[in-house]
Amino acid sequence: MALITCGSISATRAENVAEAAETQIKAAMLFKFLDYTEWPATAFAEPQSPYRIWLLDANEVGSELRAITRDRNIKGRAISVFKTRFVERIENPHIVFVGRDAEHHLPHLARLAEQQAFLIVTENSQGLVPGSIINLRLLEDRVGFDVSLSGARRNNLKLSARLLSVASTVEQETLP
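Residues numbered from 1 in each chain as written. Predicted model: local features only at pLDDT ≥ 70, side-chain atom pairs only at ≥ 80, totals over all residues. Heavy atoms only, no water.

Draft legend 1. Quick look at the overall build of the chain. Summing up its helical and strand segments, the chain has 5 helices and 10 strands in all. Buried residues in the chain amount to 45% of all 176 residues. Within the chain, residue pairs in contact and separated by at least 24 positions form 59% of the contacts whose partners lie at least 6 positions apart. Entry remark: accessible area of the chain is about 10000 Å², with carbon and sulfur atoms responsible for 51%. (Helix = DSSP H or I, 4+ residues; strand = E, 2+ residues; numbered from the N terminus. Buried < 20%, exposed > 50% of the residue type's maximum accessible area, 1.4 Å probe, protein only. Contact = heavy atoms within 4.5 Å. Areas by Shrake-Rupley, 256 points an atom, 1.4 Å probe, with all protein chains shown as cover.)

Structure representation (structure tokens):
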């Protein structure tokens, strides 16, 4: 009986370590996406305005992302990280990371993103979902990502060829 309990505890610990590593990797990827995305000049109030990453119902990634971005910048811009459970509170985003339980907000966010030029990142285990531009998911025990070029184009964003070259899948643009 004791052996079974110890085995269960070890399996639980291993699972917790894997989840923590996945969260750290997702936070690091969000940080790096800033460097591989080009926003229109209108996406920033001033030349020195910070990047603004919003986490919608994704608190576990938020703590890691704050630790990664503390005292760092990308292209001379500081990085601000915000957490919320309400779409209405999101202001002037550059990236919105949508937690698994908040995907029902994607249609509304997609409409906003077309007007405000921001990157929508999701974490759906099945891959890209409507409204998502980048989707993070586990692929053979590693975090990979899928990209929607048509979504990026709709939101007036340019994604680096370097980013696209390491994506698991790239949804190509459909021409009108």
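Draft legend 2. A look at helix H3 (residues 106–116). Along H3, the residues classified as buried are Leu106, Leu109, Ala110 and Ala113. Along the axis of H3, the buried residues cluster in a sector spanning 105°; they form a single face. Every exposed residue of H3 that faces more than 90 degrees away from the buried side is listed here: Arg111 and Gln115. Contacts made by the buried residues of H3 are with strand S2 (51–56), strand S5 (95–98) and strand S6 (119–122). In the segment just after H3, alanine 117 is the residue with positive phi, at about 55°. (Arc of directions from axis to C-beta.)

Draft legend 3. Representation of the nonpolar core in the model. Counting residues in hydrophobic clusters, the biggest one holds 36 residues, and the most contacted among them are Phe33 and Ile134. Listing elements by their share of this core, those giving two or more residues are helix H1 (2–35), S2, helix H2 (59–69), strand S4 (77–84), S5, S6, strand S7 (134–139) and strand S8 (142–148). Counting residues per element, this core draws most heavily on H1, which supplies 6 residues. Setting aside chain neighbours within four positions, we find isoleucine 134 in contact with Phe33, Leu119, Ile120, Val121, Thr122, Leu128, Phe145, Asp146, Val147 and Leu163. Grouped together as the second largest cluster of nonpolar side chains are 13 residues, Val87, Ala102, Leu109 and Val129 included. (Core = buried A, V, L, I, M, F, W, Y, C linked by side-chain atoms within 4.5 Å.)

Draft legend 4. Examining the environment of lysine 26 more closely. Along the polypeptide, lysine 26 turns up in helix H1. On the accessibility criterion, lysine 26 (3% relative accessible area) is buried. With sequence-adjacent residues up to four places away left out, lysine 26 is seen in contact with Arg100, Glu123, Leu136 and Val143. At a separation of 2.9 Å, a polar atom in the side chain of lysine 26 contacts the side chain of glutamate 22. (Polar contact = N/O pair within 3.5 Å; in protein donor to acceptor, adjacent residues only side chain to side chain.)

Draft legend 5. The arrangement of the confidence of the model for the chain in detail. Taken residue by residue, the chain gives an average pLDDT of 87. The fraction at 70 or more is 86%. Low pLDDT, under 50, characterises residues 1–17; the stretch is placed with 0 contacts to residues that sit more than four places away or in other chains. (pLDDT = per-residue confidence, 0-100.)

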